[in-house]
Amino acid sequence: MMNLTKLISSASSSSAASRSKTLISSSSSLLNRSFSTDDSKVLTIETSIPFTAHNCEPPSRTVETTEKELLGFFKEMALMRRMEIAADSLYKSKLIRGFCHLYDGQEAVAVGMEAAITKKDCIITAYRDHCIFLGRGGTLVEAFSELMGRRDGCSKGKGGSMHFYKKDSGFYGGHGIVGAQVPLGIGLSFAQKYNKDEAVTFAMYGDGAANQGQLFEALNIAALWDLPAILVCENNHYGMGTAEWRAAKSPAYYKRGDYVPGLKVDGMDAFAVKQACKFAKEHVLQKGPIILEMDTYRYHGHSMSDPGSTYRTRDEISGVRQERDPVERIRKLVLAHDLATEKELKDMEKEIRKEVDDAIAQAKESPMPEPSELFTNVYVKGFGVESYGADRKEVRAVLP
Amino acid sequence: MAKSVKELGKQWMISSFSKRGFSTACSTLKSSSSSSSTMEKQSGKSVNLFTAVNQALYIALETDPNAYLFGEDVSFGGVFRCSTGLADQFGSKRVFNTPLCEQGIVGFGIGLAAMGNRAIAEVQFADYIFPAFDQIVNEAAKFRYRSGNQFNCGGLTIRTPYGAVGHGGHYHSQSPESFFCQVPGLKVTFHSASIGALHVEVFILYLQSPAQAKVKVVIPRSPKQEKGLLLASIRDPNPVIFFEPKWLYRLAVEEVPEDDYMFPLSEAEVIRHGSDITLVGWGSQLAVMEQACVDAEKEGISCELIDLKTLIPWDKETVEASVRKTGRLLVSHEAPVTGGFGAEISASIMERCFSRLEAPVARTCGLDTPFPLVFEPFFMPTKNKILDAIKATVNY
């Protein structure tokens, strides 16, 4: 604890700290304890494995970072991990309804990608969207409120787990139908190019969606018109309950674009992801689309109704946890660079836990949306329509 | 679970294997709804709806070596456990997982069926059927017609779970049946179910085409109905879309005969007799309507409840006969009211029974909004909404 106080600096205005500010809801005690790290001091870190490239020169394995960024990665990923674990128990206690897909195991993709790009760049993803939303600057309270269908949610409680959005930072959200968001992403990138935004779109999809026809339609359009689109295949190796090799003739998704270059990235290594996204952004602004295949893993099942153990072994899951866990990788790097002690990181995790618990408590206080919200955001409002719940004793909502 | 299914399967094999050939038309079906009373005398185990699906699929695969079952996650049992044990029993060449691509799954099924096979495709949720919409509407439904009956995909049956489950949200709750009812060439069938003491029957909706070229839409209401209708759909010589009420997969339990039997498609069933108003529905909605009928009876209103079972082609005669008796009609479905199949029923009955109607046809349906996450109770055509509409219609 003594060491810890030494590491606490006065309020910092560094970029990493401001990122964690948006990441973590206000009134957070974490806010006040950014570690005193040297922002200007450049660290070089070697990625776990080399990149594998298709039709392009791969970027260097050596990634530049700062102490602040390294520690920031740990915080953000630990926070994401904790949020998903908490969502798991909220779902089991039936506070979260609908379908819920958790991101734990894949955190390095969300964090590494965010580190390489700006909020002018767009991200669009499928239904495993909680952590992408946090990465884009969403707050825990917004996330938990949305999960529980409350008014303070990022989609006003009308979307739920699969439908997080954040317009002010270019997050075009969570989409429910497998693969459907990728053509949309291509449309976003066309607008960026037309408007000369010098920004790019990351269209994310899973290895399951990689077999959808519309993906290839989108890819062709993007390549034909040299659009600044980065197709990010988060390959967690299972499309729902079907292993990739059972569903894909070629599980080398980075090569699936044929005429479109690709890069295979260790998606469990946040720095490899960062390096790849930085490289991809430069590439697509000049040369048109690229595919990034992030080799990653989800610890949970496909959704909450999938125990995740019928189509893969428990040994496989624990093996990935031991060998490749993205949070543990960063923890080791932090320790190796002597930025914090093991105890300090544990304390940080404790605070994160509290942070998450506080956000949940706050989200639970948020009321359900007004019943009349049922009829907002549809083209034709149900004027004069009355509706009521299953039990007529409930308040009857007379709609606008 | 898997083991018991296999044991059950063995019993069927002994009791009913190769007893029957394949029907090529509904008229050859072994059992009809009118003979269902005899069915009830037969021994049957009390099983839930997904087990009834499993039994039907088992029989379909057992009795036809050219039957294939495929879809996302099907080989390890499917997300609703409907195909549990079938891959073990029939091998991975006949029961298999597909990649996650609905358009491909249905297109593949059409080709497979065009070679004279029984292709049983599963679309994991009815909400995911839209990527396959083109294949269903433009390929499956018109294959026979536009090839001058040289080719057809009559062996194709698309099974898909539809409807609300209480907390499914936008993409796991929709009821898209009416989209397919405008497609000559398809049959749409619904499964309904009995819940506890309330016996709710299977609704099938049937799409009718002038020739034999239609896709049919079928929806059952209970485990027993599910089995009989699914087998009939699989063996029907037209492409059938078979909607299963996912809310009832575990909830609905009923005695289901163990043998191989079928219920006729396009034949509605009066599941409750009454004299003041006719109620028409299908699938899981029947359970809700039945409750409304019971409550209405306490207030002295006698309701006749009809399970339509097949939406395309649908059994107009049964509904018409009932409305001629009662003079009033209420249709209820979960899908949004505008453009729902209730509108078609309403218009047809208006044409046929105009002078006999004593009140406008009532529709108690889902609201014209996307299927909501937290407002599901407001969206749904609940018992009280139906009861209110019954009273309003009777007191018109």
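- Chain B is annotated in an unreviewed UniProt entry as 3-methyl-2-oxobutanoate dehydrogenase (2-methylpropanoyl-transferring) of Papaver somniferum.
- Under the UniProt heading Catalytic activity (unreviewed entry), the note attached to chain B is "N(6)-[(R)-lipoyl]-L-lysyl-[protein] + 3-methyl-2-oxobutanoate + H(+) = N(6)-[(R)-S(8)-2-methylpropanoyldihydrolipoyl]-L-lysyl-[protein] + CO2".
- Heading Subunit (unreviewed entry) of the UniProt record for chain B holds this comment: "Heterotetramer of alpha and beta chains."

- As recorded in an unreviewed UniProt entry, chain A goes by Pyruvate dehydrogenase E1 component subunit alpha and comes from Papaver somniferum.
- Check the Catalytic activity (unreviewed entry) section of the UniProt entry for chain A; it says "N(6)-[(R)-lipoyl]-L-lysyl-[protein] + pyruvate + H(+) = N(6)-[(R)-S(8)-acetyldihydrolipoyl]-L-lysyl-[protein] + CO2".

### Considering the overall build of chain A
Part 1 of the reasoning: Helices and strands together make up the secondary structure of chain A, namely 13 helices and 13 strands.
Part 2 of the reasoning: Looking at chain A as a whole, 61% of its 400 residues are labelled buried.
Part 3 of the reasoning: For chain A, restricting intrachain contacts to residue pairs at least 6 apart in sequence, the fraction spanning at least 24 positions comes to 73%.
Part 4 of the reasoning: As displayed, chain A has an accessible area near 16500 Å², and 53% of this comes from carbon and sulfur atoms.

### With respect to the overall build of chain B
Part 1 of the reasoning: For chain B, the helix and strand inventory stands at 15 helices and 14 strands.
Part 2 of the reasoning: Within chain B, buried positions represent 66% of all 396 residues.
Part 3 of the reasoning: For chain B, long-range pairs separated by at least 24 residues make up 82% of all intrachain contacts whose partners lie at least 6 apart in sequence.

### Here we look at the interface of chain B and chain A
Where interface size is given, it is often the accessible area lost as the parts come together that is meant.
Part 1 of the reasoning: Contact residues are listed per partner, giving 33 residues for chain B and 43 residues for chain A.
Part 2 of the reasoning: Buried area between chain B and chain A, both sides added, is near 3300 Å², and the carbon and sulfur share of it is 66%.
Part 3 of the reasoning: Summed over the shared surface of chain B and chain A, the number is zero salt bridges.
Part 4 of the reasoning: Where chain B packs against chain A, one counts nine residue pairs in polar contact (both at pLDDT 80 or more).
Part 5 of the reasoning: Every element with two or more residues in the side of chain B that touches chain A is listed here: α14 (376-379) and α15 (383-394) of chain B.
Part 6 of the reasoning: Looking at the side of chain B that touches chain A, the element that brings in the most residues is α15 of chain B, giving four residues.

### Considering a nonpolar patch on the surface
Part 1 of the reasoning: Among the surface-exposed residues, Phe190, Tyr194, Ile221, Leu224 and Trp225 of chain A lie close enough to one another that they form a single nonpolar patch of about 580 Å² accessible area.
Part 2 of the reasoning: Every element with two or more residues in the nonpolar patch is listed here: α7 (181-194) and α8 (213-224) of chain A.

### Quick look at the domain arrangement of chain A
Part 1 of the reasoning: According to the domain assignment, chain A consists of domain 1 (42-369) and domain 2 (374-399).
Part 2 of the reasoning: The centre of domain 1 of chain A, based on its C-alpha atoms, is set 37 Å off from the matching centre of domain 2 of chain A.

### Things to note about the UniProt feature "domain: Dehydrogenase E1 component" (unreviewed entry) in chain A
Part 1 of the reasoning: With numbering aligned to this structure, UniProt lists the feature "domain: Dehydrogenase E1 component" (unreviewed entry) at residues 76-371 of chain A.
Part 2 of the reasoning: Along residues 76-371 of chain A one finds 46% helix and 12% strand; the C-alpha atoms at either end are 35 Å apart.

### Some points on the domain arrangement of chain B
Residue and element names in this part refer to chain B.
Part 1 of the reasoning: Looking at the assigned domains, one finds that chain B contains domain 1 (44-185 + 210-257) and domain 2 (269-395).
Part 2 of the reasoning: Put simply, the middle of domain 1 and the middle of domain 2, counted by C-alpha atoms, are 26 Å apart.
Part 3 of the reasoning: Facing 27 residues of domain 1, the contacting portion of domain 2 comprises 23 residues.
Part 4 of the reasoning: Of the roughly 2000 Å² buried at the junction of domain 1 and domain 2 (both faces included), carbon and sulfur atoms supply 59%.
Part 5 of the reasoning: Looking at the side of domain 1 facing domain 2, the largest losses of area belong to Cys181, Ile219 and Arg221, adding up to 26% of the total buried there.
Part 6 of the reasoning: For the pair domain 1 and domain 2, the number of links is two salt bridges.
Part 7 of the reasoning: Here Arg221 makes a salt bridge to Asp307, at a shortest N to O gap of 2.5 Å.
Part 8 of the reasoning: Where the side of domain 1 that touches domain 2 is concerned, the elements lending two or more residues are α8 (177-180), β7 (216-221) and α9 (223-235).
Part 9 of the reasoning: Looking at which element gives the most residues to the side of domain 1 that touches domain 2, the answer is β7, with six residues.

### Quick word on the nonpolar core
Part 1 of the reasoning: Ranked by size, the top nonpolar core spans 91 residues in total, and within it Leu308, Leu311 and Ile345 of chain B carry the most contacts.
Part 2 of the reasoning: For this core, the leading source of residues is helix α3 (residues 49-63) of chain B, giving ten residues.
Part 3 of the reasoning: In terms of domain composition, this core takes at least three residues from each of domain 1 (44-185 + 210-257) and domain 2 (269-395) of chain B.
Part 4 of the reasoning: Of all hydrophobic cores here, the second largest spans 77 residues; its members include Ala86, Val109, Ala143 and Ile290 of chain A.

Cut-offs applied
Throughout, a residue's number is its position along its own chain's written sequence, starting from 1. Here the convention is simple: chains get letters from A, ligands get numbers from 1, in the order in which they are written. Owing to the predicted nature of the model, reporting of local features is limited to residues with pLDDT of at least 70; listing and counting of side-chain atom pairs is limited to 80 or more, with chain, interface and lining totals taken over all residues. Side-chain numbers here rest on the full set of heavy atoms in the structure, without hydrogens or water. UniProt positions are given in the numbering used here, feature names are shortened, and annotations may be inferred rather than shown by experiment. Strands are runs of DSSP state E lasting at least 2 residues, helices are runs of H or I lasting at least 4, and numbering of each runs from the N terminus. Between buried and exposed lies partly exposed: a residue is buried under 20% and exposed over 50% of the maximum accessible area for its type, with that area taken using a 1.4 Å probe on protein chains only. We call two residues contacting when some pair of their heavy atoms lies within 4.5 Å. We get accessible surface area from the Shrake-Rupley algorithm with a probe of 1.4 Å; when it comes to residues, only the shown protein chains can shield them. Once two parts are put together, the accessible area they lose, assessed with a 1.4 Å probe and summed over both, is termed the buried area. By convention in these notes, a salt bridge is any Lys or Arg side-chain nitrogen within 4 Å of a carboxyl oxygen on Asp or Glu. Identification of polar contacts relies on pairs of N or O atoms within 3.5 Å, with a donor-acceptor requirement for protein atoms, meaning one able to donate a hydrogen and the other able to accept it, and with residues adjacent in sequence counted only if both atoms are side-chain atoms. Residues form patches when they are more than 30% accessible in relative terms and have no salt bridge. Like charges link within 9 Å. Nonpolar side chains (Val, Leu, Ile, Met, Phe, Trp, Tyr) link within 5 Å. These domain boundaries are the output of an automatic or database domain assignment. Joining through side-chain atoms within 4.5 Å is the link that ties buried Ala, Val, Leu, Ile, Met, Phe, Trp, Tyr and Cys residues into a set, and such a set is a nonpolar core.

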